[in-house]
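Topology and contacts: notes
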Amino acid sequence: ERTIEIQEKAEEIESQRDEIMEQRDEILRQKEEITDSINYAKRIQNAVLPLRDHFDKAFSDHFILFKPRDIVSGDFYWIAEDEKRLYFTAADCTGHGVPGAFMSMLGISSLNEIFGNENNNLTANRILNLLREKIKFSLHQTGKEGESKDGMDVALCIYHKNENKLEYAGAYNPLYLIRGNELIEYKADRMPVGIYHIEKESFTNNIIDTKKGDCIYIFSDGYADQFGGPGQTKFKSSNLKKLLLEISNLPMAEQKDRLEKQFEQWRGNLDQIDDIIMIGIRL
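The structure reproduced in this document is the subject of the present report. Here the structure is a predicted model, which means the values were calculated and not measured.

1. Comments concerning the overall build of the chain
On a plain count of helices and strands, the chain comes out with 6 helices and 13 strands. Computed over its C-alpha atoms, the radius of gyration of the chain comes to 24 Å, more than 25% above the 19 Å expected for a compact globule of 283 residues. Viewed in the frame of its principal axes, the chain has a C-alpha envelope of about 95 × 45 × 35 Å. The buried share of the chain, taken over its 283 residues, is 43%. Taken as a whole, the chain presents about 15600 Å² of accessible surface, with 51% of it coming from carbon and sulfur. With 37 positive and 49 negative side-chain charges, the chain shows a separation of 8 Å between the mean positions of the two kinds.

2. What to know about the sheet that holds strand β7 (residues 182-186)
With respect to topology, 5 strands assemble into an open sheet ordered β1-β13-β10-β6-β7, the strand pairing being antiparallel. In this open sheet, the two strands that pair with only one neighbour each are β1 (61-67) and β7. Across the sheet, the mean angle separating the axes of adjacent strands is 15 degrees when strand polarity is ignored. Pairing geometry for strand β10 (residues 215-219) and strand β13 (residues 276-282), over 5 bridges, is antiparallel. Bridging from a neighbouring strand, Y217 pairs with G280 of β13. Lying on the sheet, helix α6 (residues 252-267) is in contact with β1, β10 and β13; it crosses β1 at an angle near 25 degrees.

3. With respect to the packing of aromatic side chains
Tallied over the entire structure, the rule returns 10 aromatic pairs. Geometrically, the ring pair formed by W78 and F115 is edge-to-face, given 6.3 Å between the ring centres and 75 degrees between the ring planes. Taken together, the positions of W78 in strand β2 (residues 75-81) and F115 in helix α3 (residues 97-117) put the pair 37 residues apart, joining distant regions of the chain. An identical accessibility class is assigned to W78 and F115; each is buried. An aromatic cluster is present here, built from Y223, F235, F263 and W266 joined pairwise through their rings.

4. Re a negative patch on the surface
A contiguous patch of negative charge on the surface is contributed by E8, E11, E14, D18, E19 and E22. With respect to the element layout, E11 can be found in helix α1 (residues 2-48).

5. Here's the deal with the pairing of strand β6 (residues 175-179)
The buried fraction of β6 amounts to 4 of the 5 residues, a majority that puts the element mostly inside the structure. In this sheet, β7 lies alongside β6 in antiparallel orientation, the contact comprising 5 bridges. Paired with R179 across the strands is E182, a residue of β7. The hairpin formed by β6 and β7 contains 2 residues between the paired strands, and G180 there has a positive phi angle of roughly 65 degrees.

6. A word on unusual backbone geometry
For Y172, which is not a glycine, the phi torsion comes out positive at approximately 65 degrees. Along the chain, Y172 turns up in the loop between β5 (165-171) and β6. Positioned with a positive phi, Q232 is a non-glycine residue whose angle comes to about 50 degrees. By the secondary structure assignment, Q232 is in the loop between β11 (227-228) and β12 (233-234).

7. Some points on the packing of α1 against α3
Axis angle and axis distance: for two packed helices, these are the angle between their axes and the distance between the axes, and together they describe the pair. Where α1 meets α3, the closest approach of the two axes is 11 Å, and the angle between their N-to-C directions is 20 degrees. Our classification of the angle between α1 and α3 gives roughly parallel. When the axes of α1 and α3 are compared, the crossing they make is left-handed. On α3, the residues touching I38, I44, Q45 and V48 of α1 are V98, A101, S104, M105 and I108.

Reading the values: rules and limits
- Residues numbered from 1 in each chain as written.
- Predicted model: local features only at pLDDT ≥ 70, side-chain atom pairs only at ≥ 80, totals over all residues.
- Heavy atoms only, no water.
- Helix = DSSP H or I, 4+ residues; strand = E, 2+ residues; numbered from the N terminus.
- Rg over C-alpha atoms; globule rule 2.2 N^0.38 Å.
- Buried < 20%, exposed > 50% of the residue type's maximum accessible area, 1.4 Å probe, protein only.
- Areas by Shrake-Rupley, 256 points an atom, 1.4 Å probe, with all protein chains shown as cover.
- Lys, Arg positive; Asp, Glu negative; His and termini not counted.
- Charge placed at Lys NZ, Arg CZ, Asp CG, Glu CD.
- Pairing = 2+ DSSP bridges.
- Axes fitted to C-alpha atoms, helices over the stretch in contact; angles between N-to-C directions.
- Contact = heavy atoms within 4.5 Å.
- Phe/Tyr/Trp six-rings, centres within 6.5 Å; stacked < 30°, edge-to-face > 60°.
- Patch = residues over 30% accessible without salt bridge, like charges linked within 9 Å, V, L, I, M, F, W, Y side chains within 5 Å.
- Salt bridge = Lys/Arg side-chain N within 4 Å of Asp/Glu carboxyl O.
- Parallel < 35°, antiparallel > 145°, perpendicular 65-115°, else oblique.
- Left-handed = near helix turned anticlockwise from the far one by under 90°.

Note that every value here comes from positions in space, so none of it alone points to a role or purpose.
Structure below.
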């Protein structure tokens, strides 16, 4: 009788083990399917992002530091040009991963539409105002309870090729200009592109007189917000400013290397917490 009991127990354990193995295989299969699907989405996202060649042709000395946290990104960059002006942006959408990527596709297609429809009298702040309208319309944002509050933080620039003039408008994301050994920060408006409870009528347009050799940087908050270092604290924008001042005389490609090395060193074995986009341009 004892033996039969042991045998039954053993059979029960065996059948449980088989069931667990089956469940494990099923989970692995599902995970693989989801990952394949997101990897394919990444190909589509990369196809929609502007070609790096466009930046190469527009700016001889520049870098794009683009580090998605997951396979696809909620941060994006964009560039367009006409005879007299170059339009470019670094943006950070609500969320990362798949939801962030959906928002970034909406952002890129909206900017293309704005540029295509009325590029003759666009100022930097007008583009952000129009983008805000488009996002609110696309996501049916009217300010009611329970609606999506999604949006994006954006730094948007227009460079006037023959006038040494740069327009900048920002939704939370500032612009840093380094001239000589000085860093000048142009602050963004404290509101996103999207529905906001205390939004101003219009974003602010900053007009900056530039000099040959000026370095400008636009970026999302992913770099400064990364946890790491000895105290596992945020990197902070004060340290980012110091670092950029330290490296600003190097060629842009080397600046990018330094920024990547510093980021990895700071992060150590902690996870990357957010998507990162940073664009550096020497005018």
